[in-house]
Amino acid sequence: MSTKSSIIISVLVAAASTASGSGIRVPFAKRHGLSTRDGQFDHHMAKRQIARDVNKHRRNLINIEQNAGPSALNKGAQILPVAQYSTLSKRQSVNLTDYDTDSYWAGNISIGTPGMTFNVDFDTGSADLWVTSSSCTSDLCSSKDRYDPSASSTSQLQDGEFFIQYADESNVEGPIYTDVVSVGGVSVTNQYFSPVFNLSTQFATEAVDGIFGLGLSAASTLQQTPFFLNAIEQSVVQTGVFGLMLTRNSSEIYLGGTNTSLYEGDLEYHTINSTAFWQLPDSVLSLNSAIIASNISTIIDSGTSIIYGPAEQVAALYSNIEDSAVFDSENALYSYPCDTTLDIAFNWGGANFAVSAENFNMGMAEDSTRCIGAISGRPLGLGDDTWLLGDSFMKNVYTAFSVDDLAVGFAPLNTSAISS
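All values reported here derive from a predicted model rather than from experimental measurement.

Explanation requested: helix α6 (residues 311–319) in the structure shown.
Since the α-helix advances by 3.6 residues per turn, residues separated by three or four positions end up pointing in the same direction. Among the residues of α6, those classed as buried are Q313, V314, L317 and Y318. Across the axial projection of α6, the buried residues extend over an arc of 135°, all falling on one side. Exposed side chains of α6 directed beyond 90 degrees from the buried face belong to E312 and S319.

What follows is the structure, encoded as structure tokens:
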């Protein structure tokens, strides 16, 4: 739909048909960050995150073209070269215990019969599930829980191989299996996934065993149906909706509906316009009530902390923030005075949903009077006028993803319920 009035109609239709439901609540936690405990911006971690985001969506675009054809890509989408960023030498000098605020959202799932437990990153910007394998014998896997297909009576080897290239010139790769996958009591049989025997060095220092994709089928490297869509097909959830609340101290995924205690009022739903992404059209970005960009598309991606937009639109945003300046030209990161009062918001034809000052601030630069903004102009190749909203946006709202209505909904967080 292309007009605000048509969006409002879709909001009303979706709100009527998308139930809150009696779903399954799965708590999880935020791990690692783009700032240190003393509030300093970690430039190394940010550059690593950006390179990973570039390559994740590079792989998504390749998958979309293969699975759904070029017409499924956004206008102006480009498959960019692999982004390179070597982390090994720098990571050797970093104390990992310094990081506690940001970067990915991890919780437990089980795979197999009997179930083997894995800590995974819940990612709405990916469509596949992979975990480390017992066949991975390198030091990179030594701290991971590993899937052993011989230990599961329901494990089945399938044809093909799984392969993703990450930013440190290393890969995640492995065979393809099906097995029972369970999340908080929601169990799906014959779920496709990869137990990887080769692990990117990027994941060796992270406290996750893999990635749990919550995206749509067209973006799947495995070319298979993602977990939640299978849960709907197998009737193991009451409604085809899942909800996400992402806050620093208390977070959860809710499968089969939404947790109404965690948000205020009704969810404002908008229909997506992509077969591959949780992507909303006709969005507006404003700063202090002034419109910075309109008629933009916005992809909702829990797999990154950063918000990305077209370089010229991001530059226009920061040009309206007094005394802002380019901090990292390669990655299009900007700094601004930490004491600046900002009202940055996205709107889809209804309420304004703001990015709080706390969530916009990724940490202090070496000059402690300046902070690094969470909005980057680094290209991801996603298409003309296309933004990607990571958790710097999502931490401000309750977000519902409706497969039933192909819609995404937002509502203000119930801060009193969350704090209690």
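This is not the end of the story, as more comes after the structure.
Whenever I open this one, the environment of N273 confuses me. Can you help?
With respect to the helices, strands and loops of the structure, N273 is situated in the loop between β11 (268–271) and β12 (279–287). Assessed through its relative accessible area of 39%, N273 is described here as partly exposed. Sequence separation between N273 and A72 is 201 residues; the distance between their C-alpha atoms is 9.9 Å. Every residue in contact with N273, bar those within four places of it in the chain, is listed here: Q279, L280, P281 and S297.

I keep staring at the pairing of strand β18 (residues 352–355) and nothing clicks. Help me out?
Residues in a regular strand point their side chains to alternate faces of the sheet. What you see with β18 is a clean split: F353 and V355 sit on the buried side and N352 and A354 on the side with no burial. Examined bridge by bridge, strand β17 (residues 344–347) and β18 share four bridges and lie antiparallel to one another. Bridging from a neighbouring strand, A345 pairs with A354 of β18. The turn joining β17 and β18, which pair antiparallel and follow one another in sequence, is formed by four residues; a positive phi near 105° is taken by G349.

What is the right way to read the sheet that holds strand β15 (residues 325–328) from this model?
Consider a sheet: its strands pair through backbone hydrogen bonds, and that pairing is either parallel or antiparallel. Taken together, four strands build an open sheet; the order of strands is β15-β16-β20-β19 and the sheet is antiparallel. Because the sheet does not close on itself, it has two edges, and the strands there are β15 and β19 (361–364). Along the sheet, successive strands turn relative to each other by an average axial angle of 40°, direction set aside. In this structure, β15 lies alongside strand β16 (residues 333–337), joined through three bridges in antiparallel fashion. Across the sheet, the residue bridging to D328 is L333, located in β16.

Quick question: what am I supposed to make of helix α2 (residues 43–68) here?
The end-to-end C-alpha separation of α2 is 37 Å, in line with the 38 Å expected for 26 residues at 1.5 Å each. Capping the start of α2, D42 holds a side-chain oxygen 3.1 Å from the backbone nitrogen of H44, two or three residues further along. The first or second residue beyond α2 is G69, which carries a positive phi of 95°.

Got a minute to help me understand the pairing of strand β24 (residues 407–412) in this structure?
For β24, the buried fraction is high: five of the six residues fall into the buried class. Summarising the sheet, β11 and β24 pair through four bridges and their orientation is antiparallel. For T271, the partnering residue across the bridge sits in β24 and is A407. One ladder, built from six bridges, connects strand β23 (residues 397–402) with β24; its direction is antiparallel. Looking across to β24, one finds that S402 is bridged to A407. Hairpin connection from β23 to β24: four residues lie between these consecutive antiparallel strands, with L406 at a positive phi of about 50°.

What's the story with the nonpolar core in this structure? I'm lost.
Within soluble globular proteins, side chains that are nonpolar generally end up buried alongside one another. In this structure, I109, F212, F346 and F393 are the most contacted members of the largest nonpolar core, which totals 93 residues. Here this core gets seven residues from one element, more than from any other, and that element is α2. Contacts of F393, omitting those with residues within four sequence positions, involve I307, F346, W348, F353, V355 and F410. Judged by nonpolar contacts, the second largest core, of 15 residues, contains I176, F203, I211 and L222.

Explain the state of the cysteines here, please?
What we call a disulfide is simply a covalent bond connecting the sulfur atoms of a pair of cysteines. For the structure shown, the criterion picks out two disulfides. For C136, the disulfide goes to C141, at an S-S distance of 1.9 Å. Across the S-S bond linking C136 and C141, the dihedral sits near 80°, which makes this disulfide right-handed. In terms of burial, C136 and C141 fall into one category: buried. At a sulfur-sulfur separation of 2.0 Å, the disulfide partner of C338 is C371. Around the S-S axis, the bridge from C338 to C371 shows a dihedral of about 105° and counts as right-handed. Here C338, found in the loop between β16 and β17, pairs with C371, found in strand β20 (residues 370–373); they are 33 residues apart in sequence, far enough to count as distant. Under the relative-accessibility criterion, C371 is labelled buried at 1%. Assigning the bonded cysteines of the protein chain consecutive numbers by sequence position, one obtains the connectivity 1-2, 3-4.

Hey, could you run me through the side chain of D328 in this one?
Its place among the elements puts D328 in strand β15. The charged side chain of D328 is buried without a salt bridge, its nearest counter-charge being K47 at 5.5 Å. Those residues within four positions of D328 in sequence are excluded, and the remaining contacts are H43, K47 and L333.

Would you mind showing me how to read the pattern of salt bridges here?
A pair can form between side chains of opposite charge whenever their charged atoms are brought close. If you walk through the whole model with that rule in mind, you get five salt bridges. A salt bridge links R370 to D323, with the shortest nitrogen-to-oxygen separation between them at 3.3 Å. Residue R370 is located in strand β20, and its partner D323 is located in the loop between α6 and β15; the two are separated by 47 residues in the primary sequence. Relative accessible area serves as the criterion here: at 16%, R370 is assigned to the buried category. D391 is the partner of K395 in a salt bridge, and the nearest nitrogen-oxygen pair spans 3.8 Å. Its relative accessible area of 0% is what places D391 among the buried residues. The network of salt bridges with common partners includes K56, D123 and D301.

Conventions adopted
- All residue numbers here refer to positions counted from 1 along the written sequence of the relevant chain.
- Given that the model is predicted, a residue must reach a pLDDT of at least 70 before its local features are reported, and side-chain atom pairs must reach 80 or more before they are shown or counted; all residues, however, enter totals for whole chains, interfaces and linings.
- Only hydrogens and water are set aside when side-chain values are computed; all heavy atoms of the structure are taken into account.
- Buried residues are those whose accessible area, probed at 1.4 Å on protein chains only, stays under 20% of the maximum for their type, while exposed residues exceed 50% and partly exposed ones sit between those limits.
- Put simply, DSSP H or I for four residues or longer makes a helix, DSSP E for two residues or longer makes a strand, and each gets a number counted from the N terminus.
- Arc definition: directions from the helix axis to the C-beta atoms.
- We call two residues contacting when some pair of their heavy atoms lies within 4.5 Å.
- In this description, strands pair whenever DSSP reports at least two bridges between them.
- To get an axis, a line is fitted to the C-alpha atoms, and for a helix only the part in contact is used. The angle between two axes follows their N-to-C directions and goes from 0 to 180 degrees.
- In this scheme, a helix's expected span is set at 1.5 Å multiplied by one less than its residue total.
- N or O atoms within 3.5 Å of each other form a polar contact, as long as, within protein, one can give a hydrogen and the other can take it, and as long as residues adjacent in sequence are counted only when both atoms are side-chain atoms.
- In this description, a nonpolar core means a group of buried Ala, Val, Leu, Ile, Met, Phe, Trp, Tyr and Cys residues linked to one another through side-chain atoms lying within 4.5 Å.
- Defined by distance alone, a disulfide is two cysteine sulfur atoms within 2.5 Å.
- Only four residue types enter the tally: Lys and Arg on the positive side, Asp and Glu on the negative side; His and the chain ends are excluded.
- A pairing counts as a salt bridge when a side-chain nitrogen of Lys or Arg comes within 4 Å of a carboxyl oxygen of Asp or Glu.

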